[in-house]
Amino acid sequence: MSDPRACPDQPVSLAIADLTFGYPAKGHRLQDVSLTLREAEICCLLGPNGAGKTTLLRCLLGLLKPERGTIRIQGQDIKSLAARDLARLVAYVPQSATTPFPFTALEMAVMGRTPHLRSGAVPSAADRRIALGRLDRLGIAALADRIFSTLSGGQRQMVLLARALVQDARILVLDEPTAALDYGNEVRLLQIVSALADEGRSVLMTTHQPAQAFGYADRAVLLRDGAILAQGPPDEVLTSESLTALYGATIHVVSVSLPDHPGRVMKTCLSRPDSGWRGAK
Amino acid sequence: MPICVRCSRNERFRTEHEARRARAVDPLTRRVFGEHAPVLVLSAILLLLGLLSLGIGRYMIDPRTVFHVLIQHLMDLPSVGSPTEQAIVLNIRPPRIFAAIVVGAALSASGAAYQTMFRNPLVSPEILGVAAGAGFGASIGILLGVGVGLLEILSFGCGLLAALLALAIGRLVGNGSLSILVLGGIVIGAMFGALIAATQYFANPETTLPEITFWLFGSLGRATFASLQVPALIVALCLAALYAVRWPLTVLAAGDDEARTMGINLGLTWSVVIAASTLMTATVVSLAGIIGWVGLVVPHLARFIVGPSFTRLLPASILIGAIYLLAVDDVARSASPLDLPLGILTALVGAPFFILLLMKLGRRWS
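Residues numbered from 1 in each chain as written. Chains lettered and ligands numbered in written order. Predicted model: local features only at pLDDT ≥ 70, side-chain atom pairs only at ≥ 80, totals over all residues. Heavy atoms only, no water.

Novice: Would you explain the overall build of chain A in this entry?
Specialist: Helix and strand counts for chain A come out as nine helices and twelve strands. For a compact globule of 281 residues, the expected C-alpha radius of gyration is about 19 Å, and chain A comes in at 20 Å, within 12% of that figure. With the C-alpha coordinates aligned to their principal axes, the bounding extent of chain A is approximately 60 × 45 × 40 Å. Here chain A holds 281 residues, and 51% of them are scored as buried. Here the analysis covers contacts within chain A between residues at least 6 apart in sequence; of these, 66% occur between residues at least 24 apart. Surface summary for chain A: the accessible area is close to 12200 Å², and the carbon and sulfur share equals 50%. In chain A, 31 positive and 27 negative side-chain charges are present, and the distance between their average locations comes to 5 Å. (Helix = DSSP H or I, 4+ residues; strand = E, 2+ residues; numbered from the N terminus. Rg over C-alpha atoms; globule rule 2.2 N^0.38 Å. Buried < 20%, exposed > 50% of the residue type's maximum accessible area, 1.4 Å probe, protein only. Contact = heavy atoms within 4.5 Å. Areas by Shrake-Rupley, 256 points an atom, 1.4 Å probe, with all protein chains shown as cover. Lys, Arg positive; Asp, Glu negative; His and termini not counted. Charge placed at Lys NZ, Arg CZ, Asp CG, Glu CD.)

Written as structure tokens, this is what we have:
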């Protein structure tokens, strides 16, 4: 399969320029952050806790009003967009969702149709069919009638992803989508996200795993104390030095060759005890 | 067309997912067809119970006579039944039955709306201190010896005042946070509770004190068609407002931030729900006194039958609330020579019922 992604001539879908956000008393949480995201591109946002990753996502989603700077989606400044119009452009997959009420997976997914409904209308059978189709697409149609809160963490994450797909937005925003998943579910989710990007969607996700950026991202953005340290292709930006500086802990970036693709080299990162070796003596 | 993103290259998964899809379409069609069944059944029960209730009370009239009197009256035929029976079926009981339906529907609908909006199954319509405020207004009215009309206006006004104070606390202290709003409501409710106690302390133990006490117990006995017109209109308008936001409110149940990223106008939805629920609650409390537990328990029962989506929860809550209060008022009218206070009965029935519900559903809320 040819790689349709990482084409520098894809149109820009998201352009953030000089974004500054701060709480008056506590100083800046984001300072002069600029980044662009092209169609069919996956961008990983990396940084220690409190670096401003979630703040950046919340600004993009219209949940926080930035102090300065602009966020343009397909050329439109989001300041001039109503919540409903923004929701047609950007869909959000939260880290987790809790509701005390027994909504089924299908009912949760149908909520994604909200920005496409006329005001005062409720989802029709056609809307429910769309939602079921998206659940099916992610391989979880059998869960449609199950109560959302009784599903496993991985299944819930898939339902939330399906809801974002139901929203039919060109940009997907994922906040640490794999934080609560076991390794198998993490790999499955990332592969699906990658396939969604292949179809032309732009994906902006935060993660605590730099290895995910090597495997799946077209761009990596390193954020620390509200400012961008570096951004670009993961192979160039994520080095032992930059990751060590970013997280304040010694991290080694290594190259490995893939057994099923002789000649292809992939990078990943490792850490070990400061004083010697445990696993590999 | 690939069935799942990973499946396009894996025949084994493909067939498995096709089978899953076939299984999954079935519940969808079932839901589409069965959607209106609960509403129809509940409406039929309400209609039947409403007619039966015309015959229920201290003076029992059998359903056949009730039916004949009604038919005769509607068809303008020569009258049957004794004049007493005629007066009861045509004039005395209908306002009270109508009042039970209005009050039950209003309390249950606002309870359902608040529970959904606050994402808290333990919230009731009195959450913003409305009931205590309205009770205080009525107590003052009784203490001053004003007429029925003015008493209801005082009660309604103080109920609204309590909610506005709670809202002001939520806005000034909590910067619009919903949990601070609830705390504000609890504080204001407690304050008006103390003020009610103060009016009772200063009331005349021979005359006004019993009257205040009975008012606070809740009763539908004061209802007349004339006094019901304005409250019924207010309740109808508020129910219509809740109906208009039934979908945004459903999405809000998934979380405020998520609802906003799905295009919901949070401020507008909150305002409509708070205004409609507060107006309705103040209206029915001023009409019937403090009738607890209905707004807390009925939405749970409705959710048990039709699910948590407010689009179905609203009509089901309205109907079940009306049926429930009508049934309880039938008991209040017929169980003893004295009218039993409605608020006491709803609490006596509601509390054990709520414990049953907790045993059935409680694990989900942990």
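Novice: Can you help me understand the packing of helix α13 (residues 294-306) of chain B against helix α14 (residues 310-334) of chain B in this one?
Specialist: Geometry of a packed helix pair, given as the angle between the helix axes and the separation of the axes. All names here are of chain B. With their axes 8 Å apart at the nearest point, α13 and α14 run at an angle of 125 degrees to one another. By the angle between their directions, the pair α13 and α14 is classed as oblique. Handedness of the α13/α14 crossing: right-handed. From α13, Val 294, Val 298, Pro 299, Leu 301, Ala 302, Arg 303, Ile 305 and Val 306 reach across to α14, where they touch Arg 312, Leu 313, Ala 316, Ser 317, Ile 320, Gly 321, Tyr 324 and Leu 325. Tallied by class, residues from the contact of α13 with α14 come to twelve nonpolar, two polar and two charged. (Axes fitted to C-alpha atoms, helices over the stretch in contact; angles between N-to-C directions. Parallel < 35°, antiparallel > 145°, perpendicular 65-115°, else oblique. Left-handed = near helix turned anticlockwise from the far one by under 90°. Nonpolar A, V, L, I, M, F, W, Y, C, P; charged D, E, K, R; others polar.)

Novice: Teacher, can you tell me more about helix α1 (residues 53-60) of chain A here?
Specialist: In an α-helix there are 3.6 residues to a turn, and that puts residues three or four apart on one side. All names here are of chain A. Buried residues dominate α1, accounting for six of its eight residues. Those residues of α1 not exposed but buried are Lys 53, Thr 55, Leu 56, Leu 57, Cys 59 and Leu 60. Where α1 terminates, the next one or two residues include Gly 62, which has phi positive at roughly 80 degrees.

Novice: Looking at this structure, I do not really get the confidence of the model for chain A. What am I missing?
Specialist: Interpretation of the predicted coordinates at a detailed level should be avoided for regions scoring low in pLDDT. Across chain A, the average pLDDT comes to 90, with 95% of residues at 70 or higher. Residue range residues 1-5 of chain A is modelled with pLDDT below 50. Its contacts to residues more than four positions away, or to other chains, number ten contacts. (pLDDT = per-residue confidence, 0-100.)

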